[in-house]
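# An overview of the molecular structure
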Amino acid sequence: MSRIIVTASTRLELSELLAATSASALPDAGHVPLYRTEMRGTEILFALTGIGKVNAASAVTLLCERYAPDLIINTGCGGAFAGAGLAVGDLAVADSEYLADEGVRTPDGWRGLDLIGIPVYEGRGERLFNRIPLDREMARRALDCATVGGFDTVLGPFLTVSTCSGTTRQGEELLRRFPGVCENMEGAAVAQVALMYGVPCLEVRGISNMVEDRDLSRWDLKRAVGQVQRFLALYLAQVADNRPGMR
Ligand SMILES: O=C(O)c1cccc(C(=O)CC[C@H]2O[C@@H](n3cnc4c(=O)[nH]cnc43)[C@H](O)[C@@H]2O)c1
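All of these numbers come straight from a predicted model, not from anything done at the bench. Sequence order as written defines the numbering, with residues in each chain counted from 1. Given that this is a predicted model, residues contribute local features only at a pLDDT of at least 70 and side-chain atom pairs are listed and counted only at 80 or more, while totals for whole chains, interfaces and linings are drawn from all residues. Think of the side-chain values as coming from all heavy atoms in the structure, minus any hydrogens and water.

## Comments concerning helix α4 (residues 168-177)
Only protein chains enter the area calculation, which uses a 1.4 Å probe; residues under 20% of their type maximum are buried, those over 50% are exposed, and those in between are partly exposed. Secondary structure is summarised from DSSP: a helix means a run of H or I of at least four residues, a strand means a run of E of at least two, and numbering begins at the N terminus for each. Taken together, the buried positions of α4 are occupied by G171, E173, L174 and R177. Buried residues of α4 fall within an arc of 160 degrees about the axis and therefore sit on the same side. Counted as exposed and oriented over 90 degrees from the buried face of α4: R169 and R176. For α4, the secondary structure elements touched by its buried residues are β7 (103-106), β8 (109-112), β12 (153-160) and β13 (182-184). An arc is given here, and it is the one of the directions from the helix axis to the C-beta atoms. Residues count as neighbours in contact if any of their non-hydrogen atoms are within 4.5 Å of one another.

## Some points on a nonpolar patch on the surface
Candidate patch residues must exceed 30% relative accessible area and have no salt bridge, after which like charges are joined if within 9 Å and Val, Leu, Ile, Met, Phe, Trp or Tyr side chains if within 5 Å. Areas reported here follow the Shrake-Rupley algorithm with a probe of radius 1.4 Å; residue values treat only the protein chains shown as occluding. Salt bridges are defined as contacts in which a side-chain nitrogen from Lys or Arg sits within 4 Å of a carboxyl oxygen from Asp or Glu. Taken together, the side chains of L115, I116 and I118 make up a nonpolar region of the molecular surface, amounting to roughly 280 Å² of accessible area. Mapping I118 onto the fold places it in the loop between β8 and β9 (121-123). The exposure class assigned to I118 is exposed, which follows from its relative accessible area of 56%.

## Let's talk about the site of the ligand
S9, E183, E186, N209 and R214 are the nearest of the 16 residues found near the ligand. Under this definition, polar contacts are N or O atom pairs within 3.5 Å; protein pairs additionally need one hydrogen-donor-capable and one acceptor-capable atom, and for neighbouring residues in sequence, both atoms have to be side-chain atoms. At a separation of 2.8 Å, an oxygen atom of the ligand approaches a polar side-chain atom of S9. Taken by itself the ligand offers 560 Å² of open surface, and the protein chains cover 82% of this. In this analysis, the protein atoms alone were mapped onto a 1 Å grid. Cavities are point sets where a 1.4 Å probe fits without being able to get out; pockets are open sets with protein on both sides within 12 Å along at least five of seven lines; lining residues have an atom within 4 Å of a point. The way we define it, a molecule is inside a pocket or cavity when more than half of its atoms are within 2 Å of that pocket's grid points. More than half of the atoms belonging to the ligand lie within 2 Å of the grid points that define the largest pocket. Residue assignment for the shell around the ligand shows that the elements contributing at least two residues are β5 (71-80), β13 and β14 (201-210). Being near a molecule or strand, for a residue, means having at least one of its heavy atoms within 4 Å of it.

## Let's talk about the packing of aromatic side chains
Each aromatic pair joins two rings of Phe, Tyr and Trp (for Trp, the six-membered one) with centres within 6.5 Å, and gets the label stacked for planes under 30 degrees apart, edge-to-face for over 60, and tilted for any other angle. Considering all chains together, one arrives at 4 aromatic pairs under this definition. A ring pair is formed by W110 and F178, whose centres lie 5.6 Å apart and whose planes are at 80 degrees; its orientation type is edge-to-face. Here W110 is found in strand β8, whereas its partner F178 is found in the loop between α4 and β13, with 68 residues between them in sequence. Using a relative accessible area of 15% as the deciding quantity, one classes W110 as buried. F178 gets classed as buried once you look at its relative accessible area, which sits at 11%. Seen in terms of ring centroids, F151 and F231 are 5.9 Å apart; in terms of plane orientation they differ by 80 degrees. Their pairing is edge-to-face.

## A short note on the nonpolar core
Core analysis: the biggest nonpolar cluster contains 31 residues, and F46, I73, L202, F231, Y235 and L236 have the highest contact counts within it. When residues of this core are assigned to their parent elements, the largest contribution, 7 residues, is made by helix α6 (residues 221-241). Excluding residues within four positions of it along the chain, I73 makes contact with I4, I5, V6, T7, L202, L232, Y235 and L236. Residues grouped as a nonpolar core are buried Ala, Val, Leu, Ile, Met, Phe, Trp, Tyr and Cys residues, joined through side-chain atoms within 4.5 Å.

## Comments concerning the confidence of the model for the chain
Residues at a pLDDT of 70 or more form 98% of the chain, whose mean pLDDT is 96. A score from 0 to 100, pLDDT tells how confident the predictor is in each residue. Least confident of the elements in the chain is strand β2 (residues 24-29), whose mean pLDDT is 93; most confident is β13, at 99. In the predicted complex, the global pTM is 0.96; the interface-specific ipTM is 0.94.

Structure, rendered in structure tokens:
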């Protein structure tokens, strides 16, 4: 049986999907709360990683070791960068992830890990510094499914940060470092661990806020997580229907 693992940082980001798929709780995997369902012969595990890169990386490592998934889908909410063509309630699909604050602050400005010359990942003929690739085919298919399903969706690079950008200025600074449509706090960590284990990885987020001067009255977490979970219910059914190799 093929196996998909869906990860999110908080319960709110998975609760509608758990209900929609009638998933039942399993004993926690270490520190990771875990739920299971089956869809037309595909096993789907839902895991709550906790917020940030360390929680995400440790959870996904543990899940890859114990469950050897065929696909990892990372979801949740995220902030949209100005100029990305995204609004609150839209969806963003990652074509790549950037570790957007791993680097060096020099007298001449911020520089990425290439300045140090030590990659975060080396293997399969690649040396990766800040950019982590995601599965292109899965991303394209998710974009197609979202578009057909009527979701306003943008495909593009995501930036993962340890410090959420609560100012427009910080958002502009990040876009000088790397191209980006969506900011979040876990994606690059999930993508990097998936790459290390050779597991295809997809990331889809609902837009809860713009990357701008922090004003929580302009955020809509509920709408963002509702939209992305409605999309994932559709997407999982489609992937389960075309199971062989899941492509
Ligand atoms: O109160 C705040 O200022 C605040 C700042 C960032 C996130 C939150 C959350 O409640 C959600 C955390 C969760 O959501 C992702 N997320 C959502 N928007 C952003 C963003 O603009 N920049 C970075 N991460 C974001 C993130 O992946 C977390 O898991 C509250």
